[in-house]
Amino acid sequence: MLKNTKWEIPLLIESRRPARKMRVIVFFIVIPIIKAFKPESFLLLADSDEGAIYKLNLTTLRREPLYRLTVFRPIAVGFDYLTNGVYWTDVKLKAIRVGDLHGNYAKTVRTLERGSVTDGLTIDSLSRLIFYTDTTYKGIFLLTIDGLYRKTIIYKSLDQPRAIISDSNTGTIYWTDWGATPKIETSNYDGSERRDVITTDLVWPNGLAIDFKAAILYWCDGKTGRIEKSKLDGTNRMVVSDQSRSGARFFGLALHETTLYYTDWAKRYLMKMSTSGGSLAVVESKTFEKLSGVYLYDGDWYSEETNACAISKGGCSHFCFPRPKYSRKCACPDNMFLTFDMKNCNYREPLRILMLGKSGVGKSTTGNAIVGKEVFETSPASTEFSLTSKTSFFEGISLAGQFVRVVDTPGLFGTLKVDPLVLEIYKAIRISFPGPHIILFVTRVGSFTLKDTSSLATYKRIFGTDIEKYLIVVFTGKEILMENGINIHDYVQSLSSDSELKQLLHRCNNRYVAFSDTGDVFDQRKNVDKLLDIAGRLMLQRLANPYFTNDIYEAIVKLFLDTQEDDESEIEDHEKLKYTDT
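Conventions and cut-offs
- Residues numbered from 1 in each chain as written.
- Predicted model: local features only at pLDDT ≥ 70, side-chain atom pairs only at ≥ 80, totals over all residues.
- Heavy atoms only, no water.
- Helix = DSSP H or I, 4+ residues; strand = E, 2+ residues; numbered from the N terminus.
- Expected span 1.5 Å × (residues − 1).
- Buried < 20%, exposed > 50% of the residue type's maximum accessible area, 1.4 Å probe, protein only.
- Contact = heavy atoms within 4.5 Å.
- Salt bridge = Lys/Arg side-chain N within 4 Å of Asp/Glu carboxyl O.
- Pairing = 2+ DSSP bridges.
- Arc of directions from axis to C-beta.

Caption draft 1: Region of interest: helix H9 (residues 521–541). Given a rise of 1.5 Å per residue, 21 residues ought to cover 30 Å, and the 30 Å separating the end C-alpha atoms of H9 matches this to within 8%. Within H9, burial applies to Asp523, Gln524, Asn527, Val528, Leu531, Leu532, Ile534, Ala535, Gly536, Leu538 and Met539. In this structure, the buried residues of H9 make contact with strand S29 (351–356), helix H3 (363–371), strand S32 (438–444), strand S33 (471–476), helix H6 (478–483) and strand S34 (512–515).

Structure representation (structure tokens):
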């Protein structure tokens, strides 16, 4: 099957490089062939009670059953225009299925979890993605087009998600929720920048359709019996058709130019009407059993628009999310994580970061900067008193999008006595097992004292001298330097060559980064990016031993596993508290 013209033509032309004349001949030969294979405008319809997928030609109004015996209870239906693949959800088989436009085959793309009810489906052909909603698991999920990989996009504050539409140009999804708090929402493909669109006067918002050129959102409500529209931000809301008196139970909605096609569980016909309202019409006289999902393919559609994911998934190994201005973001399936090149995914644990230092130097503040939120309790930068009396940690997504586990420890020379302090450090060892990828030694600008030197010596006695092979020095209070017109590099250069700090930096191969105590999110993002860049280069240099460990690590973990069952539950509860989603 030939693919969409905007991909096939350039490839064929590029393959005929030697002669200019030959390239022109190929161009005129290929165009008619591709147009001959280009489908006319049609609707795909899912008849849930009959268990059938229909194709309805909008020019001839000829109805063609594509799938019957291989379909049990279809709900949502979609189309991949690059491969002419027909996709549908089957709530009886608990699967997402695919076939072609001629009913030649049907196969399962993905078998879903037991009890799944998938009422919504949308295909991003350019980015090779499938989004679907699941009312049982109350979430929005993503598949690669072949169904091999899955990612959870949204699972919080959803009740009964149903219809869903994707915009491959902006990397945006829109969906309905007919649960306890009915609403229409939108977000980026990765679930970020989520916001409400419509939240009032809804009951069962079942169907969605969008005119992306005019930036108009249409929806139908199966309980109120109304079809309405608004701008994409929810403003300028108005009723297109009120059929509440006729007992309408709308479900599916599709848009073609200025015509809305919709399914109504109270009727056995496919209906249509103008986007400006007015009279209703039956599309064709033959009846159905119970029409649910409807999808419209526009045969006259042709666009030079593309996105950054259209070619080779934008260089991403698994998922590519398009963004405006021809940008993109790579993402990974559940239980996989982005590597440091931010393109490839791997089955690996998060980047483990252990923070050490004396009391009051800003370890907790640094940890908050790394994760982009206030998760570690902090004290004012002007005091050496530390609020951190117990080891704590955060596991989740950092400000830079990297999956991390950040472990914060009580500072030396603080309020804790030696024995409790050592116990907390041992807890940190266990939490960061099998070992931290990087160890941050935190100190304040201009305040490296004998206490810092003694702290480092203590840590070396606990961990061994190899600790410095994984050490990165973090300076806090960068704003002090900025106020005096000094950057961190000039500050480091100005240190006396025989000072303890200068010698430490030399032993660490000058791995250092500076953080501000009061910097805005953009400045902190640069600092975090710098830190992760140093960490990435350090790990590349130490591929054989990517994280620090020694006999002490293994012995302490074994000790805790054998004797600290109560601490186990405490740590697990703390992990649940600190964990955050994508």
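Caption draft 2: Fine view of unusual backbone geometry. Despite not being glycine, Lys138 has its phi angle at roughly 50°, a positive value. On the secondary structure map, Lys138 appears in the loop between strand S9 (129–134) and strand S10 (139–144). Here Asn335, not a glycine, exhibits a phi torsion of approximately 70°, which is positive. Here Asn335 lies in the loop between strand S26 (327–331) and strand S27 (337–338). Since its relative accessible area comes to 65%, Asn335 is described here as exposed.

Caption draft 3: Focus on the pattern of salt bridges. This model, assessed by the stated rule, comprises 27 salt bridges. For Arg128, the salt bridge goes to Asp80, with nearest N and O atoms at 2.8 Å. Taken as a pair, Arg128 in the loop between strand S8 (120–124) and S9 and Asp80 in strand S4 (residues 74–80) lie far apart in primary sequence, 48 residues in all. One salt bridge connects Lys427 with Glu424, and the closest N-O pair in it is separated by 3.5 Å. A residue pair is termed a helical-turn pair when its members lie 3 or 4 positions apart in one helix, as Lys427 and Glu424 do in helix H4 (residues 418–431) at 3 residues.

Caption draft 4: Fine view of the pairing of strand S15 (residues 195–198). One ladder, built from 3 bridges, connects strand S14 (residues 183–188) with S15; its direction is antiparallel. The residue bridging Thr186 from the neighbouring strand is Arg195, located in S15. The hairpin formed by S14 and S15 contains 6 residues between the paired strands, and Gly191 there has a positive phi angle of roughly 90°.

Caption draft 5: Broad picture of helix H5 (residues 450–463). Under the 1.5 Å per step criterion, the end-to-end length of H5 is 20 Å for 14 residues, consistent within 8% with the ideal 20 Å. All of the buried residues along H5 are Asp452, Ser455, Leu456, Thr458, Tyr459, Ile462 and Phe463. Along the axis of H5, the buried residues cluster in a sector spanning 160°; they form a single face. In H5, those exposed residues whose orientation departs by more than 90 degrees from the buried face are Leu450 and Arg461. Positive phi shows up at Gly464, right after H5, with a value of about 100°.

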